[in-house]
Each structure stands twice: as structure tokens, then as C-alpha cells.
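Overview (structure and organization)
Here's the letter readout for the chains.
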Amino acid sequence: VTSYAGSEPACFKTYTAKVLGKEPFHPETFILPNERDAFLARAAACKRAGDPTYWVGKPQNSYAGKGITLVPTAQATAVAGPAWKGNAGQRKKFSVVQRYVERPLLVGGYKSHMRVYMLVTQMSPSVRAYVHKEACVMFTTLPYTLDAGGMGPMKFEPRVHLTNFDVNASPKNLLNYVADKPVIGTGSLWPMNRFEAWLGENRPDVDVDAMWRQIRLIGRSCAESIGQHPSVKRLSSDYSSGTPLCNELFGIYVMLDDYGKVWML
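Residues numbered from 1 in each chain as written. Predicted model: local features only at pLDDT ≥ 70, side-chain atom pairs only at ≥ 80, totals over all residues. Heavy atoms only, no water.

1. So, the pattern of salt bridges
What counts, and what does not: Definition used for salt bridges: Asp or Glu carboxyl oxygen within 4 Å of a side-chain nitrogen of Lys or Arg. Accessible area is worked out with a 1.4 Å probe on protein chains only. A residue is then buried under 20% of its type maximum, exposed over 50%, and partly exposed in between.
For the structure shown, the criterion picks out seven salt bridges. In this structure, Asp 37 engages Arg 36 in a salt bridge whose closest nitrogen and oxygen atoms are separated by 3.6 Å. Taking the relative accessible area as the measure of exposure, Asp 37 reaches 56% and is therefore exposed. Put simply, Arg 159 and Glu 157 hold a salt bridge, and the shortest N to O gap is 2.9 Å. With a relative accessible area of 23%, Arg 159 lands in the partly exposed category. Through salt bridges with shared partners, one network takes in Arg 103, Arg 203, Asp 205 and Asp 258.

2. Points about the nonpolar core
Defined as follows: By convention a nonpolar core is built from buried Ala, Val, Leu, Ile, Met, Phe, Trp, Tyr and Cys residues, the set being connected through side-chain atoms within 4.5 Å. Secondary structure elements are defined from DSSP: runs of H or I of at least 4 residues count as helices, runs of E of at least 2 residues count as strands, and each element is numbered from the N terminus. Contact criterion: two residues are considered in contact whenever any of their non-hydrogen atoms come within 4.5 Å of each other.
Grouped together as the largest cluster of nonpolar side chains are 40 residues, with contacts concentrated most on Met 114, Phe 195, Leu 199, Met 211 and Leu 256. Secondary structure elements with two or more residues in this core: helix 1 (13–20), strand 5 (112–122), strand 7 (136–139), helix 7 (192–202), helix 8 (208–227), strand 9 (248–256) and strand 10 (262–264). Top element by residues in this core is helix 8. It accounts for eight residues. Once residues within four sequence positions are removed from consideration, Met 114 is found in contact with Cys 136, Val 137, Met 192, Phe 195, Met 211, Ile 215, Ile 252, Tyr 253, Val 254, Met 255 and Leu 256.

3. Looking at the pairing of strand 9
Here is the rule we go by: Should DSSP find at least two bridges between two strands, the strands are regarded as paired.
Note: strand 5 against strand 9, seven bridges, orientation antiparallel. What sits directly across from Val 120, in strand 9, is Glu 248. In this sheet, strand 10 lies alongside strand 9 in antiparallel orientation, the contact comprising three bridges. Paired with Met 255 across the two strands is Trp 263, which belongs to strand 10.

4. A word on the environment of Gln 228
The topology assignment puts Gln 228 in the loop between helix 8 and helix 9 (230–235). Note: C-alpha distance between Gln 228 and Ser 124 (104 residues apart in sequence) is 9.7 Å. Not counting the four nearest positions on each side in its chain, Gln 228 is found in contact with Tyr 15 and Lys 233.

This is how it looks when you write it as C-alpha cells:
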């Protein structure tokens, strides 16, 4: 069997924020609608302090960059939505609002993330997982900028801020994708060894071994959180005989900021 029953809700952004939101590798996140007021209070405090924060609104369980937007603190209500009144018609477009990592490590002026693969071979009685060291590094196809012209629900420019392959390798973005971009070259995908070599030559202040230690710690926390999800615990009891009957390959999205810290996205 190539997947564990009940593992999909264990990967929802709302669940991840609930169980890992206080970890140092997880950006500050608020779950909507329950934490709407807390988010708006936090945004107001940032505004009063002159802290130039940005916030990403994300759906609960979408993929390929769908339904995401980015706003500065001054436009926080654009992702918080109206006050919750319990009516189905007032459900939010965004299920989590997350503080944006506004100083990513750039390659040739472009933002990137790493898709790290984690194989889980056992959920019960304890979790066993392996992080594969050959990851994919995915880039945007427009240079990174915090220009306000590319933010907000109505004018968000995903090719500047979202590194998802589906966003940047789409047919409508063909010219940017095939362009010979500075350092990146054509396309928007590097193998991990190329990225590591670039770090060694251009960012010796970023310790590659330390980066992988951070990634492995994130992988461990992710694997444990999946194994502790109620649906996984309930449905994996049939596979606790000691003989592995299932495995599942998960993708963990992480990124480096300009200081060499790895963040889980």
C-alpha cells in the first residue's frame, strides 16, 4: 500500500499550524476564523510599531499556489475577511494567515524553495521516516520585489512570490519560463547538488550541513505530527504488527532566508 489511511487531513495547513505553529521553524500563523481577532490585533500592533510586516493568506488544503495572496500589514483585513457569524455563506476564502518571510535568500535576484522528500514507512506504534537528501529547488520566474503593485487579492503577482512549479511552468508563463534568467538560466528548477554548489561558491556564510540539520529536524517534527493526527492514529492501528505494510512519500516545502535559517512553508 502506498499511502496511510487518514494522512490527507494530517497535511492540512490548519492542522500543521495547530500542532507546529509554535516551532521556531514555522512562521507566525493564525487559523481562521477562530483566531481572526488575534490576527488583526497582531497586525495592528505591527502597524503601530512601524514593523513592515507582510501576511500570506492560504486556503486550508489547496495546492499549486491556488488561492494564495500577499498583503502588507496595512491591508490585513483583506485576508482576515468579515467577522465570523456561523453562516455557511460567510466562510473565509483563507483558512490560515501566515507571516511572510520577506527576506528570502535570493539566487540571481529570484526567490526559491526546496521540495524535500520524506518517506514514512511506519506510523504505529511509533513513526519511522527518512528524509531524502536529493531535493528539488524551485524558483520564481520574475525577480523578487516587495513592490506594493504586486500585492493584494486583486493584483497579486504570484510569479514574484510563489515558487510553485505549476505557477511558473504554466503555458501562459512560457516566455518567462524559457528566458535565460540571471544565474538561474532557463526554466525554474535545479537539482539540490547544483544549489549546494552555488551556496558554496556564492554564500559561504550559509553552512550546507547546518541547513540539512535544520531540514531533518523539520522532517522529524512533520512525521511525528502526521502520526499523531487522530484519523491516522485510529486507522493505522491495523498496521502495528511490526511488519511494515504501508509507506507514503510526503513532500515538505522549506525555504532559506537570507540569514541561512530554514523555514517550513
